[in-house]
Protein chains: 2
Amino acid sequence: MSRPLRVLVDGTDGADVPATDRGLHYGDGVFRTLRVEQGRPCEWPLQLDKLQADAAGIGLMPPPVAILESQVEQICAGLPAAVLKIILTQGYAGRGYARGYRDYGARCILLLYPPPAHPDAYWRDGIRVRWCETPLAINPRLAGIKHLNRLEQVLARAEWHDPVIAEGLMLDTDGRVIEGISSNLFIVREGKLLTPDLSRCGVAGVARGMILNAAPAYTRAVHIRDLNPDDVLTADECFVCNSVVGIWPVAALQDRRWPVGPVTRRLQSLFGERWPPVA
Amino acid sequence: MSRPLRVLVDGTDGADVPATDRGLHYGDGVFRTLRVEQGRPCEWPLQLDKLQADAAGIGLMPPPVAILESQVEQICAGLPAAVLKIILTQGYAGRGYARGYRDYGARCILLLYPPPAHPDAYWRDGIRVRWCETPLAINPRLAGIKHLNRLEQVLARAEWHDPVIAEGLMLDTDGRVIEGISSNLFIVREGKLLTPDLSRCGVAGVARGMILNAAPAYTRAVHIRDLNPDDVLTADECFVCNSVVGIWPVAALQDRRWPVGPVTRRLQSLFGERWPPVA
């Protein structure tokens with residue numbers, strides 16, 4: 001429940017957001033959450049690519065890269081470790097669903113937070129996860145995009161208060177396993193790495209992309225395919241990932257227990273040279 | 001594309017919204033859009049009921065009614081005709097999807113707009129509508145609720161720029177007709193009034209509820225059921241409704257043309273004594 005260290009709204013320090021903002025009214029925008037180290041955003045080229053692709057996915061014109069980068073540089077400067085959230089919204093465009101492209105551009109909202117304070121054990125020994133009852137709706141038009149319509153994740157996260165459970169796994173309305181509330185999911189089976197198909201719903205995160213790119217060096221094969229809950233429970237290894245925490249092994253789900261597996265441990269090194277304190 | 005005449009954020013005139021607002025970050029909130037006449041919100045008991053039910057539907061604690069009503073009264077005072085938008089968000093609760101109920105309450109954002117400037121012919125002769133390609137995702141957990149996750153409506157409304165088309169009709173991902181982008185849909189067939197089942201997706205609006213309550217006096221029967229596009233195209237009458245415009249007859253869809261039918265015209269009187277200028 002950390003408060004932001006600093007906020008920049010279109011480059012203005014500490015500003016609020018107009019009550020007319022279309023991000024607020026409709027979720028008409030996209031976002032990224034990423035790590036900052038030594039005053040610089042991590043994996044910036046990948047994060048920028050994804051931000052631009054997601055903006056294009058909902059027909060949002062992002063600010064010029066030079067302006068965005070200068071604001072990101074401004075807010076991150078001097079911070080040894082932090083989390084940066086970048087929100088781009090369609091800005092102001094009057095009452096009603098119709099956008100007013102010609103008159104108004106995207107609004108860029110940057111929020112800088114302290115680094116997360118998770119226990120070291122989350123990286124070292126793994127986390128306990130649960131199944132969420134709130135389903136993810138299927139809409140291929142929005143699948144994969146990290147947009148601002150995240151009420152499903154909010155409702156899923158509100159299903160439990162037990163601090164021992166670090167993440168919830170979400171199914172789509174047809175019962176397929178899709179992702180964690182704020183992470184992507186991978187399993188390992190017979191040396192093969194599997195992760196859910198996100199063409200119907202879910203967010204195709206940057207950490208997931210990094211793992212998919214790197215995985216052929218660590219595993220026999222990589223498959224993107226539909227998974228059901230039993231596939232997860234019977235997997236040899238299971239882990240979740242995102243750009244903020246890197247990789248958390250899954251150690252417990254229902255009655256199932258996993259030690260941290262060799263593929264998971266090897267893949268952690270993709271992220272683990274930085275703040276996740278992998279032994 | 002009207003600008004608000006006035007904005008109240010938690011009772012403060014002209015205020016902006018903190019960049020940490022969960023309505024902005026996640027669409028974690030609900031809203032109402034309604035008419036104001038002679039300084040008072042129209043159908044206030046129904047609007048308040050729906051606002052409270054929708055807030056409960058996403059686990060949001062609304063402000064005390066007396067406080068909400070006093071802010072609504074404050075913003076509407078003296079206005080002969082206007083449109084009021086009420087947004088309740090989960091307010092501030094730190095980074096991440098988890099809400100912090102105990103520390104923070106709902107934020108109340110009121111925006112007052114000029115009355116809509118639609119042509120009289122929309123009420124008198126009806127409107128042209130189109131089918132939207134953007135589908136509505138099915139999620140019974142959120143169905144019926146007017147929450148702030150409205151990107152599907154934004155994308156649907158961005159499909160056309162022809163000002164002759166006044167509304168778009170949306171299908172769910174399984175091809176059922178659900179509603180207009182900012183309205184509910186009714187058809188008349190053999191004297192019976194039919195409107196789509198909204199248990200999978202869609203917004204169950206206040207105007208729809210008023211029509212369903214009143215309709216038995218005007219029609220042989222009222223049915224809430226699944227409709228497909230052909231049901232609409234072969235209907236005897238077709239109209240859309242919402243709390244701002246009342247009822248607009250549908251006059252044209254693809255090659256189909258309708259005169260304004262008798263059931264539609266009679267039902268318009270539910271709303272038509274006020275600003276819709278029905279002859």
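Here the residue numbers are simple positions, counted from 1 along each chain's written sequence. Chains carry letters from A onward and ligands carry numbers from 1 onward, assigned in written order. With pLDDT at 70 or above as the cut-off, local features in this predicted model cover only qualifying residues; side-chain atom pairs require 80 or more to be listed or tallied, and sums for whole chains, interfaces and linings still use all residues. Side-chain calculation: all heavy atoms of the structure are included, whereas hydrogens and water are not.

Residues and elements named next belong to chain A. Two strands are counted as paired when DSSP detects at least two bridges linking them. A helix here means a DSSP run of H or I that spans at least four residues, while a strand means a run of E at least two residues long, and both kinds are numbered starting from the N terminus. A sheet is described by the order of its strands in space; here six strands give the open sequence S2-S1-S6-S5-S3-S4, paired in antiparallel fashion. Looking at strand neighbours, the two that pair on one side only are strand S2 (12-13) and strand S4 (40-41), the edges of this open sheet. Taken together, the two bridges between strand S3 (residues 29-37) and S4 define a ladder with antiparallel strand orientation. The residue of S4 that forms the bridge with Glu37 is Arg40. For this analysis, residues touch if any pair of their heavy atoms sits within 4.5 Å. All axes here are fitted lines through C-alpha atoms, helices being fitted over the stretch that makes contact, and every angle between N-to-C directions spans 0 to 180 degrees. Sitting on the sheet, helix H2 (residues 44-57) touches S3, S4 and strand S5 (81-89), and the angle it makes with S3 is about 175°.

Following the sequence through the fold, Leu155 of chain B ends up in helix H5 (residues 151-157). A sequence separation of 40 residues divides Leu155 of chain B from Thr195 of chain B, and the C-alpha atoms of the two residues are 23 Å apart. Residues within four places of Leu155 of chain B in sequence aside, it is in contact with Ile58, Arg99, Arg141 and Leu142 of chain A together with Thr134 of chain B.

Right, let's talk about the interface of chain B and chain A for a bit. Facing the 62 residues of chain B at the interface are 62 residues of chain A. Buried surface at the junction of chain B and chain A, both sides included, amounts to about 5200 Å², of which 66% is carbon and sulfur. Criterion for a salt bridge: a side-chain nitrogen of Lys or Arg within 4 Å of a carboxyl oxygen of Asp or Glu. Put simply, chain B and chain A have zero salt bridges between them. In the analysis that follows, any N or O atom pair within 3.5 Å is treated as a polar contact, provided that within protein one partner can donate a hydrogen and the other can accept it, and provided that, for residues neighboring in sequence, both atoms belong to side chains. Between the two partners, chain B and chain A, sit 17 residue pairs in polar contact (both at pLDDT 80 or more). Going through the elements one at a time, strand S1 (6-9), helix H1 (22-26), strand S3 (29-37), strand S5 (81-89), strand S6 (107-113) and H5 of chain B are the ones with two or more residues in the side of chain B that touches chain A. In terms of residues, the side of chain B that touches chain A owes the most to one element, H5 of chain B, which gives six residues. Considering only residue class, the side of chain B that touches chain A consists of 34 nonpolar, 16 polar and twelve charged. The term buried area means the drop in 1.4 Å probe accessible area that two parts suffer when joined, counted for both and summed. By the convention adopted, Pro, Cys, Tyr, Trp, Phe, Met, Ile, Leu, Val and Ala count as nonpolar, Lys, Arg, Asp and Glu as charged, and the other residues, Gly among them, as polar.

We call a set of buried residues a nonpolar core when its members are Ala, Val, Leu, Ile, Met, Phe, Trp, Tyr or Cys and they connect through side-chain atoms within 4.5 Å of each other. Exposure is judged per residue with a 1.4 Å probe applied to protein chains only, and the accessible area is read against the type maximum: over 50% gives exposed, under 20% gives buried, and values in between give partly exposed. Of all hydrophobic cores here, the largest spans 76 residues; its most connected members are Val232 of chain A together with Leu84 and Ile86 of chain B. The element that contributes the greatest number of residues to this core is strand S8 (residues 165-171) of chain A, accounting for five residues. Among residues more than four places away in sequence, those in contact with Ile86 of chain B are Val30, Phe31, Arg32, Leu34, Trp44, Leu51, Leu68, Val72, Ile109 and Leu110 of chain B. The next biggest cluster of nonpolar side chains, apart from the first, holds 75 residues, and it includes Ala15, Tyr122, Cys238 and Trp248 of chain B.

Here we take up the pattern of salt bridges. This model, assessed by the stated rule, comprises 27 salt bridges over all chains. Asp231 of chain A is the partner of Arg225 of chain A in a salt bridge, and the nearest nitrogen-oxygen pair spans 3.4 Å. Between Asp28 of chain B and Arg99 of chain B there is a salt bridge, with its nearest N and O atoms 2.6 Å apart. On the criterion of sequence distance, the pair formed by Asp28 of chain B in the loop between H1 and S3 and Arg99 of chain B in the loop between S5 and S6 is long-range, its members being 71 residues apart. Taking the relative accessible area as the measure of exposure, Asp28 of chain B reaches 0% and is therefore buried. Taken together, the salt bridges that share partners define one network made up of Asp172, Asp174, Arg176, Arg200 and Asp226 of chain A.

All names here are of chain B. By the secondary structure assignment, Asp231 is in helix H7 (residues 229-233). One polar contact links the side chain of Asp231 to the main-chain amide nitrogen of Asn228, over a distance of 2.9 Å. Not counting residues within four places of it along the chain, the set of residues in contact with Asp231 comprises Ile187, Arg189, Arg225 and Asp226.

Okay, the environment of Arg130 of chain A next. All names here are of chain A. The topology assignment puts Arg130 in strand S7 (residues 127-131). Distance from Arg130 to Leu169, taken between C-alpha atoms, is 6.0 Å for residues 39 residues apart in sequence. In this view, Arg130 contacts Glu159, Trp160, Ile165, Glu167, Gly168, Leu169 and Leu253; residues no more than four positions away in its chain are not counted. Of note is the side chain of Arg130, whose polar atom sits 3.1 Å from the side chain of Glu159.

This part takes up helix H3 (residues 65-76) of chain A. Residue and element names in this part refer to chain A. Look at H3: 16 Å from first C-alpha to last across twelve residues, which is about the 16 Å you get at 1.5 Å a residue. Three or more residues of H3 are buried, namely Leu68, Gln71, Val72, Ile75 and Cys76. All buried residues of H3 project into a common sector of 125° when viewed along the axis, lining one side. Turned more than 90 degrees away from the buried face of H3 sit Ala66 and Glu73, all of them exposed. Buried residues along H3 sit against strand S1 (6-9), S3, S4, H2, S5 and strand S6 (107-113). Expected helix span is computed as 1.5 Å times (number of residues minus one). The arc in question is formed by the directions pointing from the helix axis toward the C-beta atoms.

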